[in-house]
Amino acid sequence: MTDKDQAYATLLNQSKAQRDANISTHKARTARATQGKNRQARVSSLASATKTPLDFLAIGDSWFEYPLHDNGLPFENTAIVAPSQLQTMGSPPPHILNQALHGQATTAMLSWENQETLQSLLEDSGQWLNAKTGLPDAILVSAGGDDVVGDQFVIYLDYCGGGLNSARFQGALDSVRASYLDLFAFRDRFAPRVPIIGHCYDYALPNGIVPMCVQSAWLQPSIDFAGYDYTQGVAIVRNMIDMFHDNLAALAANPANNFILIDTRGTVTPDATSATGWANELHPRVAGFTALAKKFLAALQAKFPGQV
């Protein structure tokens, strides 16, 4: 095992431990907010004095759980729903139980083991501030990117001309769609009427830059192998993100899915040197994540007017 492999394994284990710890930390925070009285009466009393914070369950990938500062130390979550990001925004800022984990494809996010954990959280009314429902106010989702990037990205490229093969890439998007449909069905069973709110990523830069603990880039190697230069690669990625957005937008257009899509395209500065730009191929710098968190805040304020 190389030093980078060891560093990544250590970081992943730390992230998994933090994900587990988030459950007890969130429940303790909820208990403190409802301490001393009947829970329903206490929450009603809080609401009359000050606005009760919205309370969300967050699941998904590294855009919710990125445990690096740009490409290196210190090790702390700097992604959209991090304590230093969305959880500091709004009036009052929302509470968030974060169960995201970097590197997760939708199929991993919705494995039976993870669904079992999510079920137990949703069935535990003591986890949530909303005393009327005993459920989170919404489920925030960041998912689908890890289904298509990485070594397998080359599958979706025509060789030496043609760029993204839309038909083959649609096959990957169909798998992502199946995962979202399963998530909607899971929500309907264990958290009925709770909205799901997601995003569509942004126009990443296939420049080969990776974090300190990652061996290989997620985009550039496939683009190079298929015979494209950087400029062509940028166009390929842009096409890919637009198709990803359109497929999720179709899900959001169906009211039965109770799904809100935040269009995050064009939020991160398309510059690897900008403070609000890309730290590496797939992840913004800290200030870029802040810009994305503000997009989420605006969407939440529209969905829950006067509550955040």
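This structure is a prediction, so every number in the text was calculated from the model and none was measured. (Residues numbered from 1 in each chain as written. Predicted model: local features only at pLDDT ≥ 70, side-chain atom pairs only at ≥ 80, totals over all residues. Heavy atoms only, no water.)

Enquirer: Break down the overall build of the chain for me, with residues and values.
Expert: Scanning the chain from N- to C-terminus turns up 8 helices and 5 strands. Taken from the N to the C terminus, the helices and strands of the chain come in the order α-α-β-β-α-α-β-α-β-α-α-β-α. Here the chain has a C-alpha radius of gyration of 20 Å; the compact-globule value for 308 residues is 19 Å, and the two agree. Considering only C-alpha atoms, the chain reaches an extent of 65 × 40 × 35 Å along its principal axes. (Helix = DSSP H or I, 4+ residues; strand = E, 2+ residues; numbered from the N terminus. Rg over C-alpha atoms; globule rule 2.2 N^0.38 Å.)

Enquirer: How would you explain the environment of Gly90 if you had to name every residue and give the values?
Expert: Take Gly90: it is sitting in the loop between strand S1 (55-60) and strand S2 (95-98). Taking the relative accessible area as the measure of exposure, Gly90 reaches 32% and is therefore partly exposed. Residues in contact with Gly90, not counting those within four places in the same chain, are Leu297 and Val308. (Buried < 20%, exposed > 50% of the residue type's maximum accessible area, 1.4 Å probe, protein only. Contact = heavy atoms within 4.5 Å.)

Enquirer: Now, about the layout of surface pockets: what can you tell me, with residues and values included?
Expert: Space inside the largest pocket adds up to approximately 630 Å³. As for the largest pocket, its lining consists of 35 residues, and the residues nearest its centre are Asp146, Val149, Trp218, Leu282 and His283. Those elements that provide at least two residues to the lining of the largest pocket are helix H1 (3-33) and helix H7 (230-252). Grouping the amino acids of the lining of the largest pocket by side-chain chemistry returns 21 nonpolar, 9 polar and 5 charged. (1 Å grid on protein atoms, 1.4 Å probe; cavity = no way out; pocket = protein on both sides within 12 Å on 5 of 7 lines; lining within 4 Å. Points joined across faces, edges and corners; volume = space filled by probe spheres on them. Nonpolar A, V, L, I, M, F, W, Y, C, P; charged D, E, K, R; others polar.)

Enquirer: Please set out the side chain of Gln115 residue by residue, giving values where relevant.
Expert: As for its placement among the helices and strands, Gln115 is situated in helix H4 (residues 112-122). Among the residues examined, Gln115 registers a relative accessible area of 17% and is labelled buried. With near-sequence residues (within four places) excluded, Gln115 lies in contact with Leu110, Asp182 and Phe186.

Enquirer: Go over the packing of H4 against helix H5 (residues 166-190), please, and point to the residues and values.
Expert: At a minimum axis distance of 11 Å, the contact between H4 and H5 shows a crossing angle of 30°. Here H4 is positioned roughly parallel relative to H5, judged by the angle of their axes. Handedness of the crossing formed by H4 with H5: right-handed. For the pair H4 and H5, contact is made by Gln115, Leu118, Gln119 and Leu122 and by Asp182, Phe186 and Phe190, respectively. When its residues are assigned to classes, the contact of H4 with H5 shows 4 nonpolar, 2 polar and 1 charged. (Axes fitted to C-alpha atoms, helices over the stretch in contact; angles between N-to-C directions. Parallel < 35°, antiparallel > 145°, perpendicular 65-115°, else oblique. Left-handed = near helix turned anticlockwise from the far one by under 90°.)

Enquirer: Tell me about the sheet that holds S2, and name the residues and values.
Expert: What links the strands of a sheet is backbone hydrogen bonding, and the strands pair in either a parallel or an antiparallel sense. Strand order across the open sheet formed by 5 strands is S2-S1-S3-S4-S5, with parallel pairing between neighbours. The open sheet has two free edges, formed respectively by S2 and strand S5 (259-262), since each of these has just one partner strand. Within this sheet the neighbouring strands show an average axis-to-axis angle of 25°, counted without direction. In this structure, S1 lies alongside strand S3 (residues 138-142), joined through 5 bridges in parallel fashion. Residue pairing in the sheet places Gly60 in a bridge with Ser142 of S3. Set on the sheet, H1 makes contact with S1 and S2; between it and S2 the angle comes to about 150°. (Pairing = 2+ DSSP bridges.)

Enquirer: Outline the packing of aromatic side chains, listing residues and values.
Expert: Evaluation of the coordinates by the stated rule reveals 13 aromatic pairs. Measuring from centroid to centroid gives 6.3 Å for Tyr159 and Phe225, while their planes differ by 80°, and the two rings are edge-to-face. Of this pair, Tyr159 sits in the loop between S3 and H5 while Phe225 is found in helix H6 (residues 220-225), placing the two residues 66 residues apart along the sequence. Residue class for Tyr159 comes out exposed when judged on its relative accessible area of 52%. (Phe/Tyr/Trp six-rings, centres within 6.5 Å; stacked < 30°, edge-to-face > 60°.)

Enquirer: I'd like a description of H5, backed by residues and values.
Expert: The terminal C-alpha atoms of H5 lie 35 Å apart, and with 25 residues this matches the ideal 36 Å at 1.5 Å per residue to within 8%. Of all the residues in H5, the buried ones are Phe169, Ala172, Leu173, Val176, Ser179, Tyr180, Leu183, Phe184, Phe186, Arg187 and Phe190. (Expected span 1.5 Å × (residues − 1).)

Enquirer: For empty space enclosed by the protein, give the residues involved together with the corresponding values.
Expert: Enumeration over the complete set of coordinates arrives at 1 cavity of 30 Å³ or more. The calculated volume of the largest cavity comes to roughly 40 Å³. If you go around the largest cavity, the residues you meet are Leu173, Val176, Arg177, Phe244, Asn247, Leu248 and Leu251. Contributions of two or more residues to the lining of the largest cavity are made by H5 and H7.

Enquirer: Could you give an account of the pairing of strand S4 (residues 196-199), with specific residues and numbers?
Expert: Residues Ile196 and Gly198 of S4 are buried on one face, and the alternating residues Ile197 and His199, pointing to the opposite face, are buried as well. When S3 meets S4, the two strands line up parallel, connected through 2 bridges. Paired with Ile139 across the bridge in S4 is Ile196. Handedness of the crossover joining S3 and S4 through H5: right-handed. (Right-handed = clockwise from strand over helix to strand, strands pointing away.)

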